[in-house]
Amino acid sequence: MKIIKAPLCGEDIAELKMGEEVLIEGVIYVARDAAHKKMVQSIRAGEDLPFDPQGQVIYYAGPCPAPPGRVIGSVGPTTSGRMDAYAPLFIERGLKAMIGKGPRDKGVIESMQKHGAVYLAAVGGAGAYLAQRVMAADIVAYPDLGPEALLKLTVKDFPCIVAIDSQGNDIYTRINATDK
Amino acid sequence: MREVHVDNISQAIAVAVIEANTILPGDIRDALQVALSQESLASASSFLQIILENAQIAACEKMALCQDTGLVTVNIELGQEVHLVGGKLEEAVNQGIRDGYQRGYLRKSIVNDPFERINTGDNTPAIIHIHLVAGDCLRVTVFPKGAGSENMGQLAMLKPSAGLEGVKEFILKVVREAGGNPCPPIIVGVGVGGNMEKAALLAKQALLRKVGQKSPRPELADMEKEMLRRINALGIGVQGLGGDTTALAVNIETYPTHIASLPVAVSLGCHCTRRIIVDL
């Protein structure tokens, strides 16, 4: 299976095709609703973000607390559609991949095509399995947000499928439009 | 009259929320295994394998199956001949959740107000339904449900002329619009009849029925079978990525209704629909 090393460079992106199963290795950032809202407030105020999105991967998730002896609790993907309003602002700033679950809207897909980014689906509801693929976890910003804090993870063999590629091919359009 | 100290209820709920969040119900595990043996799309099979492996890891490591450990609904069947002592029932339920979510390293996902949105920090309050029943039993059903699936439920107040076909079309519309968001393979809970809130409660009650257990009414059992076939033919598939496995079960519950009404509610449960029953 293809391994994607995070952060990514431009060449890797174009090669990733819709439907391809991949394993992610490297550093990714975790952010969901509240962290996105705060980061977008910073962008609009002209302030620096807690991390530079250039070449990076954002994982839409909010983990369980880490039990003793573990780096993180259960950590599966959350529904990506809630971040659609925010995602283009990050893609414009160099974000190369998003990991989540469920479809994305037209605005996100167009931005991905324009700037060269991919959307990867992880297995929703497999939080315990995915937690075992996380080697390290650190809070980068917004600890006050609890489960919604901005985190930096080091992952290995983290399984995903390319749901929408940088050419705009969208796996979610496989769904039959009509009932048989 | 039988006396029950409310602290016993707190303790039972604390244990139950941890168990519910870490151990996949056997009926769902079995249904997932059957789905895996029948799935024709390779990527869907990989994801089903991961889902089944996730359940093993969660049980062995005592970790949450899913990081969204949910908003907890607690249904209490309270015998009329039970006397609760030592405090208030609702406070005892919330104390149990507070203790269980802390002790089990479960995520706290509840905000204080829909507009203010400040995390309450202990996953309370729960949604509590109390039913008075005959006798001296005390049965507690703990049902933590994540928002991924919960946000995809819908309710319609149909015209009675819409009839059976109207209800079937509405079920398909809800499932189609939900797509991959509710974490398929899903369980489809359908409540038909009553009024607005009764239909919603019936849909939730339908999710509590075990996968594979048909409606006792033959015509409804047939409708459940037909809807399961039609939903799986939509091709939404595991996690919305296509394939043969969109739903594991369609469960339909009904209630008498008004001459002018045909309420129908559809609630979707994810592939780790967690529910546990405790008798005290």
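Since we're looking at a predicted model, the values are computed, not measured. (Residues numbered from 1 in each chain as written. Chains lettered and ligands numbered in written order. Predicted model: local features only at pLDDT ≥ 70, side-chain atom pairs only at ≥ 80, totals over all residues. Heavy atoms only, no water.)

Novice: I'd like a rundown of helix α8 (residues 218-232) of chain B, residues and numbers included.
Specialist: Residues and elements named next belong to chain B. The end-to-end C-alpha separation of α8 is 21 Å, in line with the 21 Å expected for 15 residues at 1.5 Å each. Those residues of α8 that fall on the buried side of the exposure criterion are L220, A221, M223, E224, M227, R230 and I231. If you follow the buried residues of α8, they end up packed against α6 (163-178), β7 (186-194) and β8 (247-257). (Helix = DSSP H or I, 4+ residues; strand = E, 2+ residues; numbered from the N terminus. Expected span 1.5 Å × (residues − 1). Buried < 20%, exposed > 50% of the residue type's maximum accessible area, 1.4 Å probe, protein only. Contact = heavy atoms within 4.5 Å.)

Novice: With reference to specific residues and values, describe the nonpolar core.
Specialist: If you look at the biggest cluster of nonpolar residues, it comprises 95 residues, and the most contacted ones within it are I24(A), Y59(A), F90(A), I99(A) and L120(A). Considering every element that reaches this core, the biggest residue donor is strand β7 (residues 150-164) of chain A, with 10 residues. With residues up to four places along the chain from it excluded, the contact list for I99(A) reads I24(A), I28(A), V57(A), I58(A), Y59(A), Y60(A), Y119(A), L120(A), A122(A), F158(A) and C160(A). Formed by 27 residues, the second largest nonpolar core is a distinct cluster that contains A156(B), V174(B), I186(B) and A247(B). (Core = buried A, V, L, I, M, F, W, Y, C linked by side-chain atoms within 4.5 Å.)

Novice: Go over the sheet that holds strand β10 (residues 276-279) of chain B with me, naming the residues and quoting the values.
Specialist: All names here are of chain B. Here we have 4 strands laid out as an open sheet, ordered β4-β2-β5-β10, and mixed in their pairing. Of all the strands in the sheet, just β4 (127-133) and β10 have a single pairing partner and so form its edges. Averaged over all neighbouring strand pairs, the angle between strand axes comes to 15 degrees, with direction disregarded. Strand direction decides the pairing type here: strand β2 (residues 71-79) and strand β5 (residues 138-145), joined by 8 bridges, are antiparallel. Residue L71 lies in a different strand from β5, and its bridge partner there is K145. Along the sheet, helix α1 (residues 6-22) makes contact with β2, β5 and β10, crossing β5 at roughly 40 degrees. (Pairing = 2+ DSSP bridges. Axes fitted to C-alpha atoms, helices over the stretch in contact; angles between N-to-C directions.)

Novice: I'd love a proper account of the layout of surface pockets, names of residues and values included.
Specialist: Residues and elements named next belong to chain A. Looking at the second largest pocket, its volume works out to about 270 Å³. P63, C64, P65, G146 and P147 are the residues nearest the centre of the second largest pocket, which is lined by 19 residues in total. Examining the composition of the lining of the second largest pocket, we find that 3 residues originate from one element, strand β6 (residues 134-141), more than from any other. In terms of residue class, the lining of the second largest pocket is built from 12 nonpolar, 3 polar and 4 charged. (1 Å grid on protein atoms, 1.4 Å probe; cavity = no way out; pocket = protein on both sides within 12 Å on 5 of 7 lines; lining within 4 Å. Points joined across faces, edges and corners; volume = space filled by probe spheres on them. Nonpolar A, V, L, I, M, F, W, Y, C, P; charged D, E, K, R; others polar.)

Novice: Talk me through a nonpolar patch on the surface; I want residue IDs and the actual numbers.
Specialist: Taken together, the side chains of L155(B), M157(B) and M196(B) present a nonpolar region at the surface, about 280 Å² in accessible area. Looking at where L155(B) falls in the secondary structure, it is placed in strand β6 (residues 154-158). (Patch = residues over 30% accessible without salt bridge, like charges linked within 9 Å, V, L, I, M, F, W, Y side chains within 5 Å. Areas by Shrake-Rupley, 256 points an atom, 1.4 Å probe, with all protein chains shown as cover. Salt bridge = Lys/Arg side-chain N within 4 Å of Asp/Glu carboxyl O.)

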